[in-house]
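Structure assessment
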Amino acid sequence: MTRLWHSAAPGLPGSALALAVAAARAVPRPVSVQTVVSGPVGASLPARPTGGVALDIIRSARSSLLIASFAAHGIADATAEIAAAVARGVTVDLLLEESTGASAAFARLPRQVSVWHRRRTGRAGVFHAKLIAADRHTVLLGSANPTDRGLSENIEAGAVLTGAEAAGPLVDHFRWLITPGNGIMRRAVRD
């Protein structure tokens, strides 16, 4: 690298090179977005099936896995992958809508898995978000609930965001929702 620097710009001081590198790092990187779909796939849309992408993202988690959903049922493959993530030391948080009984789909997961429900404050509304986030590097965001049909048969659409610039703020927001003391989510008591 230094040979290239000296041959391309022999009089350029190191401080100028350092400034150029810092400026290049400050430029926002393009966001990587991959389309995912469930249901029939036409030739005009280069997309991966939602179910396979969901499993890949769960497998890619090294320190944390965050799953948010309105409904959940079935999904034996996903729950097996979540259990494997726990076994390799991944912290798992499930943010689920309580009124749909979504937590039942995850009842057999190890006790280390934290389940969160929205606090009832008297205001209307439900927890309707759907995402799967591995660490702060990859987020699957879309319309599919983690159900057997949602991940395969229903007509659903989503996108995978990769890189800390794109995925990080979403993960940070959902982590903020479960922060004790802010009154938004509460940890569910698991049987």
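Here, every reference points to the structure presented above.
Figured I'd write up the structure that's included with this text. Since this is a predicted model, take the numbers as computed values, not measurements.

**What about the overall build of the chain?**
In terms of regular secondary structure, the chain is built from five helices and nine strands. In sequence order, the chain lays out its α and β elements as α-α-β-β-α-β-α-β-β-β-β-β-α-β. The burial tally for the chain puts 39% of its 191 residues in the buried class. Considering only intrachain contacts with a sequence separation of at least 6, the fraction spanning at least 24 residues in the chain is 68%. With the model as given, the accessible surface of the chain reaches about 10,700 Å², and the carbon-plus-sulfur share is 60%.

**Quick look at the environment of Pro110**
Residue placement: Pro110 occurs in the loop between strand E4 (91-96) and strand E5 (114-118). Taking the C-alpha atoms as reference points, Pro110 and Val92, separated by 18 residues in sequence, lie 9.9 Å from one another. In this view, Pro110 contacts Ala83, Val86 and Arg190; residues no more than four positions away in its chain are not counted.

**Description of the pattern of salt bridges**
Applying the stated rule across the entire model yields six salt bridges. One salt bridge connects Glu81 with Arg59, and the closest N-O pair in it is separated by 3.2 Å. Taken together, the positions of Glu81 in helix H4 (residues 76-87) and Arg59 in helix H3 (residues 50-60) put the pair 22 residues apart, joining distant regions of the chain. On the basis of relative accessible area, Arg59 is assigned to the partly exposed category, the value being 36%. A salt bridge links Asp172 to Arg136; its shortest N-O distance comes to 2.7 Å. Residue Asp172 is located in helix H5 (residues 164-177), and its partner Arg136 is located in the loop between strand E6 (131-134) and strand E7 (138-142); the two are separated by 36 residues in the primary sequence. For Asp172, a relative accessible area of 38% translates into the label partly exposed.

Basis of the calculations
Residues numbered from 1 in each chain as written. Predicted model: local features only at pLDDT ≥ 70, side-chain atom pairs only at ≥ 80, totals over all residues. Heavy atoms only, no water. Helix = DSSP H or I, 4+ residues; strand = E, 2+ residues; numbered from the N terminus. Buried < 20%, exposed > 50% of the residue type's maximum accessible area, 1.4 Å probe, protein only. Contact = heavy atoms within 4.5 Å. Areas by Shrake-Rupley, 256 points an atom, 1.4 Å probe, with all protein chains shown as cover. Salt bridge = Lys/Arg side-chain N within 4 Å of Asp/Glu carboxyl O.

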